[in-house]
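Commentary on secondary and tertiary structure
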Amino acid sequence: MLTLLTVPNLLTLLRIVAIPAFLILLEDFRYREALALFVAAGVTDALDGAIARLTHTKTTLGAFLDPAADKLLLVSAFIALGFMHVVPRWLVVLVISRDVVIVLGYFLLFVMTGQRMEVIPSASGKASTALQLLSVTIVLLTLIDRQLLNPGVRLGVFYATATVTALAGLQYMYRGLAWLQHEATPATTAPRDESRDRRRA
(Lines give C-alpha, C1' and ligand atoms only; values in the text may rest on other atoms or scores of the structure.)
Protein backbone atom coordinates (compact mmCIF):
# COMPACT_ATOMS: atom_id res chain seq x y z
CA MET A 1 0.00 0.00 0.00
CA LEU A 2 2.82 2.40 0.89
CA THR A 3 4.50 1.87 -2.48
CA LEU A 4 1.31 3.03 -4.19
CA LEU A 5 1.12 6.28 -2.21
CA THR A 6 4.16 7.85 -3.83
CA VAL A 7 4.46 11.59 -4.36
CA PRO A 8 3.83 11.33 -8.15
CA ASN A 9 0.69 9.24 -7.56
CA LEU A 10 -0.58 11.69 -4.94
CA LEU A 11 -0.08 14.57 -7.39
CA THR A 12 -2.00 12.61 -10.03
CA LEU A 13 -4.84 11.99 -7.56
CA LEU A 14 -4.92 15.71 -6.76
CA ARG A 15 -5.28 16.40 -10.49
CA ILE A 16 -8.28 14.07 -10.64
CA VAL A 17 -9.85 15.69 -7.56
CA ALA A 18 -9.37 19.11 -9.19
CA ILE A 19 -11.59 18.19 -12.17
CA PRO A 20 -15.00 18.69 -10.47
CA ALA A 21 -13.70 21.88 -8.84
CA PHE A 22 -12.65 23.17 -12.28
CA LEU A 23 -16.08 22.40 -13.73
CA ILE A 24 -17.84 24.11 -10.82
CA LEU A 25 -15.74 27.24 -11.34
CA LEU A 26 -16.69 27.26 -15.03
CA GLU A 27 -20.36 26.87 -14.14
CA ASP A 28 -20.10 29.82 -11.74
CA PHE A 29 -18.40 31.99 -14.44
CA ARG A 30 -15.29 32.27 -12.29
CA TYR A 31 -12.97 32.04 -15.24
CA ARG A 32 -9.84 33.43 -13.58
CA GLU A 33 -9.99 30.81 -10.82
CA ALA A 34 -10.79 28.11 -13.40
CA LEU A 35 -7.74 29.11 -15.45
CA ALA A 36 -5.51 29.13 -12.36
CA LEU A 37 -6.70 25.65 -11.38
CA PHE A 38 -6.29 24.34 -14.93
CA VAL A 39 -2.72 25.67 -15.12
CA ALA A 40 -1.96 24.19 -11.69
CA ALA A 41 -3.23 20.83 -12.90
CA GLY A 42 -0.93 21.08 -15.91
CA VAL A 43 2.01 21.87 -13.63
CA THR A 44 1.30 18.79 -11.49
CA ASP A 45 1.24 16.73 -14.69
CA ALA A 46 4.79 17.82 -15.47
CA LEU A 47 5.90 17.46 -11.85
CA ASP A 48 4.67 13.94 -11.21
CA GLY A 49 6.47 12.58 -14.26
CA ALA A 50 9.71 14.38 -13.42
CA ILE A 51 9.62 13.29 -9.78
CA ALA A 52 8.89 9.67 -10.74
CA ARG A 53 11.91 9.61 -13.05
CA LEU A 54 14.29 11.35 -10.66
CA THR A 55 13.32 9.33 -7.59
CA HIS A 56 12.78 6.04 -9.44
CA THR A 57 9.29 5.72 -7.97
CA LYS A 58 7.41 4.71 -11.11
CA THR A 59 4.55 2.33 -10.34
CA THR A 60 2.09 0.31 -12.42
CA LEU A 61 -0.73 2.32 -10.87
CA GLY A 62 0.93 5.58 -11.89
CA ALA A 63 1.47 4.34 -15.44
CA PHE A 64 -2.30 3.90 -15.82
CA LEU A 65 -3.46 6.72 -13.55
CA ASP A 66 -1.39 9.55 -15.04
CA PRO A 67 -2.69 9.37 -18.66
CA ALA A 68 -6.20 8.67 -17.34
CA ALA A 69 -6.08 11.87 -15.27
CA ASP A 70 -4.94 13.85 -18.31
CA LYS A 71 -7.73 12.47 -20.45
CA LEU A 72 -10.39 13.05 -17.78
CA LEU A 73 -9.29 16.66 -17.33
CA LEU A 74 -9.13 17.45 -21.04
CA VAL A 75 -12.31 15.62 -22.03
CA SER A 76 -14.22 17.27 -19.16
CA ALA A 77 -12.90 20.68 -20.17
CA PHE A 78 -13.76 20.22 -23.86
CA ILE A 79 -17.26 18.96 -23.09
CA ALA A 80 -17.98 21.86 -20.71
CA LEU A 81 -16.56 24.48 -23.08
CA GLY A 82 -18.42 22.88 -25.98
CA PHE A 83 -21.72 23.25 -24.14
CA MET A 84 -20.77 26.87 -23.48
CA HIS A 85 -20.32 27.31 -27.28
CA VAL A 86 -16.78 28.65 -26.92
CA VAL A 87 -15.16 25.57 -28.48
CA PRO A 88 -16.38 24.22 -31.84
CA ARG A 89 -18.53 21.13 -31.48
CA TRP A 90 -16.57 19.36 -34.22
CA LEU A 91 -13.37 19.73 -32.18
CA VAL A 92 -15.08 18.38 -29.06
CA VAL A 93 -16.36 15.37 -31.00
CA LEU A 94 -12.91 14.73 -32.51
CA VAL A 95 -11.10 14.87 -29.15
CA ILE A 96 -13.60 12.56 -27.46
CA SER A 97 -13.85 10.16 -30.40
CA ARG A 98 -10.10 9.67 -30.58
CA ASP A 99 -9.86 8.77 -26.89
CA VAL A 100 -12.87 6.45 -27.07
CA VAL A 101 -11.47 4.65 -30.13
CA ILE A 102 -8.07 4.19 -28.45
CA VAL A 103 -9.53 2.85 -25.20
CA LEU A 104 -11.90 0.48 -27.02
CA GLY A 105 -9.10 -0.60 -29.32
CA TYR A 106 -6.79 -1.60 -26.47
CA PHE A 107 -9.67 -3.40 -24.77
CA LEU A 108 -10.50 -5.35 -27.93
CA LEU A 109 -6.85 -6.27 -28.43
CA PHE A 110 -6.74 -7.66 -24.90
CA VAL A 111 -9.96 -9.63 -25.44
CA MET A 112 -8.74 -11.05 -28.76
CA THR A 113 -5.23 -12.02 -27.68
CA GLY A 114 -5.34 -12.26 -23.89
CA GLN A 115 -2.18 -10.14 -23.88
CA ARG A 116 -1.78 -6.57 -22.70
CA MET A 117 -0.23 -4.26 -25.25
CA GLU A 118 2.34 -1.91 -23.77
CA VAL A 119 1.19 1.68 -24.11
CA ILE A 120 4.10 3.87 -25.22
CA PRO A 121 3.31 7.58 -25.72
CA SER A 122 4.17 8.76 -29.21
CA ALA A 123 5.51 12.16 -30.22
CA SER A 124 2.25 12.95 -32.00
CA GLY A 125 0.28 11.88 -28.92
CA LYS A 126 2.29 14.19 -26.69
CA ALA A 127 1.92 17.00 -29.24
CA SER A 128 -1.86 16.53 -29.40
CA THR A 129 -2.11 16.65 -25.59
CA ALA A 130 -0.02 19.84 -25.52
CA LEU A 131 -2.20 21.45 -28.21
CA GLN A 132 -5.38 20.44 -26.40
CA LEU A 133 -4.04 22.03 -23.21
CA LEU A 134 -3.16 25.15 -25.22
CA SER A 135 -6.65 25.27 -26.77
CA VAL A 136 -8.36 25.14 -23.37
CA THR A 137 -5.98 27.76 -21.96
CA ILE A 138 -6.62 30.11 -24.89
CA VAL A 139 -10.38 29.72 -24.53
CA LEU A 140 -10.22 30.47 -20.80
CA LEU A 141 -8.11 33.57 -21.50
CA THR A 142 -10.69 34.66 -24.06
CA LEU A 143 -13.48 34.20 -21.53
CA ILE A 144 -11.59 36.44 -19.11
CA ASP A 145 -10.96 39.13 -21.74
CA ARG A 146 -12.07 38.81 -25.36
CA GLN A 147 -9.50 41.39 -26.43
CA LEU A 148 -6.51 39.31 -25.32
CA LEU A 149 -6.34 37.13 -28.43
CA ASN A 150 -7.27 37.55 -32.08
CA PRO A 151 -10.10 35.19 -33.17
CA GLY A 152 -7.97 34.09 -36.10
CA VAL A 153 -5.21 32.90 -33.75
CA ARG A 154 -7.71 30.95 -31.69
CA LEU A 155 -9.18 29.31 -34.79
CA GLY A 156 -5.69 28.44 -36.03
CA VAL A 157 -4.91 26.68 -32.75
CA PHE A 158 -8.20 24.77 -33.02
CA TYR A 159 -7.34 23.52 -36.52
CA ALA A 160 -3.80 22.58 -35.47
CA THR A 161 -5.19 20.70 -32.47
CA ALA A 162 -7.69 18.84 -34.64
CA THR A 163 -5.06 17.88 -37.22
CA VAL A 164 -2.48 16.59 -34.74
CA THR A 165 -5.16 14.84 -32.65
CA ALA A 166 -6.44 12.99 -35.71
CA LEU A 167 -2.91 12.02 -36.78
CA ALA A 168 -2.11 10.76 -33.29
CA GLY A 169 -5.28 8.66 -33.30
CA LEU A 170 -4.38 7.12 -36.66
CA GLN A 171 -0.87 6.36 -35.43
CA TYR A 172 -2.17 4.58 -32.34
CA MET A 173 -4.57 2.58 -34.52
CA TYR A 174 -1.69 1.57 -36.80
CA ARG A 175 0.37 0.53 -33.78
CA GLY A 176 -2.49 -1.58 -32.49
CA LEU A 177 -3.02 -3.35 -35.82
CA ALA A 178 0.72 -3.97 -36.23
CA TRP A 179 0.91 -5.40 -32.71
CA LEU A 180 -2.11 -7.62 -33.38
CA GLN A 181 -0.56 -8.92 -36.60
CA HIS A 182 2.68 -9.66 -34.76
CA GLU A 183 0.83 -11.53 -32.00
CA ALA A 184 -1.20 -13.51 -34.55
CA THR A 185 1.87 -14.60 -36.55
CA PRO A 186 3.05 -18.10 -35.53
CA ALA A 187 6.33 -17.91 -33.66
CA THR A 188 7.64 -21.16 -35.12
CA THR A 189 7.29 -22.92 -38.44
CA ALA A 190 5.84 -26.39 -38.83
CA PRO A 191 8.20 -29.14 -37.48
CA ARG A 192 10.10 -31.13 -40.06
CA ASP A 193 9.32 -34.79 -40.59
CA GLU A 194 12.68 -36.30 -39.53
CA SER A 195 11.63 -39.87 -40.38
CA ARG A 196 11.02 -38.82 -43.99
CA ASP A 197 14.50 -37.25 -44.11
CA ARG A 198 16.09 -40.47 -42.87
CA ARG A 199 14.28 -42.56 -45.50
CA ARG A 200 15.55 -40.25 -48.23
CA ALA A 201 19.09 -40.62 -46.94
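All values reported here derive from a predicted model rather than from experimental measurement. (Residues numbered from 1 in each chain as written. Predicted model: local features only at pLDDT ≥ 70, side-chain atom pairs only at ≥ 80, totals over all residues. Heavy atoms only, no water.)

Structural notes on the overall build of the protein chain
Heads up, the condition is: Helix and strand labels come from DSSP, where a helix needs a run of H or I of at least four residues and a strand needs a run of E of at least two; each type is numbered from the N terminus. Burial classes follow relative accessibility: with a 1.4 Å probe on protein chains only, a residue under 20% of its type's maximum area counts as buried, one over 50% as exposed, and anything between as partly exposed. Residue contacts follow a heavy-atom distance rule, with two residues in contact if any of their heavy atoms lie within 4.5 Å. In short, Shrake-Rupley with a 1.4 Å probe defines the accessible areas, and a residue's cover is counted only from the protein chains shown.
Scanning the protein chain for helices and strands turns up seven helices and zero strands. When the helices and strands of the protein chain are placed in sequence order, the string is α-α-α-α-α-α-α. For the protein chain, with 201 residues in total, the buried portion stands at 35%. Taking all contacts inside the protein chain whose residues are at least 6 apart in sequence as the whole, residues at least 24 apart take part in 78%. Of the accessible surface of the protein chain, which amounts to about 12,700 Å², a share of 68% is contributed by carbon and sulfur atoms.

Structural notes on empty space enclosed by the protein
For clarity, the threshold we go by: A cavity here means a set of 1 Å grid points, computed over protein atoms only, where a 1.4 Å probe fits but cannot escape. A pocket is an open set with protein on both sides within 12 Å along at least 5 of 7 lines, and lining residues have an atom within 4 Å of a point. Grid points are joined across faces, edges and corners, and a volume is the space filled by probe spheres set on the points. Only Asp, Glu, Lys and Arg are considered charged, only Ala, Val, Leu, Ile, Met, Phe, Trp, Tyr, Cys and Pro nonpolar, and every remaining residue, Gly among them, polar.
Across all of its chains, the model carries one cavity of 30 Å³ or more by this definition. The space that makes up the largest cavity amounts to roughly 50 Å³. In this structure, the largest cavity is lined by R15, A41, G42, D45, D70, L73, L74, T129 and L133. Elements supplying a minimum of two residues to the lining of the largest cavity: α2 (31-55), α3 (60-83) and α5 (123-144). Its residues placed into classes, the lining of the largest cavity shows four nonpolar, two polar and three charged.

Overview of a nonpolar patch on the surface
Note the cut-off: Like-charged residues within 9 Å of one another, or nonpolar side chains (Val, Leu, Ile, Met, Phe, Trp, Tyr) within 5 Å, are grouped into patches, provided each residue has over 30% relative accessible area and no salt bridge. We count a salt bridge whenever a side-chain nitrogen from Lys or Arg sits within 4 Å of a carboxyl oxygen from Asp or Glu.
A cluster of nonpolar side chains, namely F107, L108, F110, V111 and M112, defines an oily patch on the protein surface of about 540 Å² accessible area. Overall, the relative accessible area of 53% leaves V111 in the exposed class.

What to know about the environment of T44
The topology assignment puts T44 in helix α2. Separated by 34 residues in the primary sequence, T44 and L10 place their C-alpha atoms 9.8 Å from one another.

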